[in-house]
Amino acid sequence: MTDYPPEPWDLHGHAYVGVWLLPKGDAPAPSSPATRTITIFGRAVVCAAFFVYEEPSPLTYDEIMATVLVREGWRPRVSITHIWVNSVASRDGGRRLWAIPKDLADFEVARHSSYAAQGIGSLAVTRARRLPGRLPLGFRIAQDRAGTLLVSPVSGRIRLGFATARWSLAAEGPLGFLVGRKPLLTLACKPFHLLFGRRT
């Protein structure tokens with residue numbers, strides 16, 4: 001018996017996503033050795049993001065994650081390298097359904113203003129400008145499950161924008177590789193509607 005919903009999860013909420021270009025040697029390694037880091041002039045595309053999952057999502061919780069853009073052969077994928085949530089059900093479901101290495105953390109969130117995960121990092125948003133309309137979104141998550149590559153689809157629609165924001169990552173924390181580095185940009189996704197996982 002499980003205490004999390006079956007896939008796919010029908011997720012609603014908002015997010016702020018910082019995008020960095022890091023030297024490949026400073027970027028986190030992909031989850032699976034079956035993938036390779038995509039580089040642009042020797043730099044890896046690394047993201048850190050705060051997500052807030054809201055009603056009518058099957059689970060409501062806060063999340064911080066780091067990802068790196070990878071390829072499976074020539075097919076682009078997203079590898080989740082670090083991730084924390086404040087929901088045991090989300091942690092267990094993420095690990096068992098999609099091999100996403102979720103752990104637990106304490107969060108303090110003031111919607112569209114400030115976001116913090118204890119011991120990991122924080123984000124202060126001073127301004128966000130939204131683009132008109134909602135955009136379709138589709139990509140695949142590539143994770144390692146006991147030496148086997150597990151690829152899971154994500155699709156949906158987002159209202160995209162750009163935010164003026166300040167990222168503060170804990171120097172001794174797990175995302176310390178981003179300390180002292182300025183993101184290329186911070187995207188505002190408010191709102192989003194995502195279908196995470198496969199239809200059964």
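Model, not experiment: these values are computed from the prediction.

Engineer: Any chance you could break down the packing of aromatic side chains for me, citing the residues and the numbers?
Structural biologist: Here the structure, examined in full by the defined rule, presents 10 aromatic pairs. Between the aromatic rings of Tyr-53 and Tyr-61, the centroid separation amounts to 4.6 Å while the plane-to-plane angle is 35°, which identifies the pairing as tilted. On the basis of relative accessibility, which here comes to 4%, the residue Tyr-61 falls in the buried class. Centre to centre, the rings of Tyr-53 and Phe-192 are 5.8 Å apart; their planes meet at 75°, and the pair counts as edge-to-face. Separated by 139 residues along the polypeptide, Tyr-53 in strand β4 (residues 43-54) and Phe-192 in strand β13 (residues 185-196) bring together distant segments of the chain. Across the pair, exposure class does not vary: Tyr-53 and Phe-192 are buried alike.

Engineer: Tell me about the pairing of β13, and name the residues and values.
Structural biologist: Of all 12 residues making up β13, nine are buried, and the element is well covered by its neighbours. Sheet topology places strand β1 (residues 9-23) next to β13; 10 bridges connect them, and they run antiparallel. Across the sheet, Leu-11 pairs through a bridge with Leu-194, a residue of β13.

Conventions used here
- Residues numbered from 1 in each chain as written.
- Predicted model: local features only at pLDDT ≥ 70, side-chain atom pairs only at ≥ 80, totals over all residues.
- Heavy atoms only, no water.
- Phe/Tyr/Trp six-rings, centres within 6.5 Å; stacked < 30°, edge-to-face > 60°.
- Buried < 20%, exposed > 50% of the residue type's maximum accessible area, 1.4 Å probe, protein only.
- Helix = DSSP H or I, 4+ residues; strand = E, 2+ residues; numbered from the N terminus.
- Pairing = 2+ DSSP bridges.

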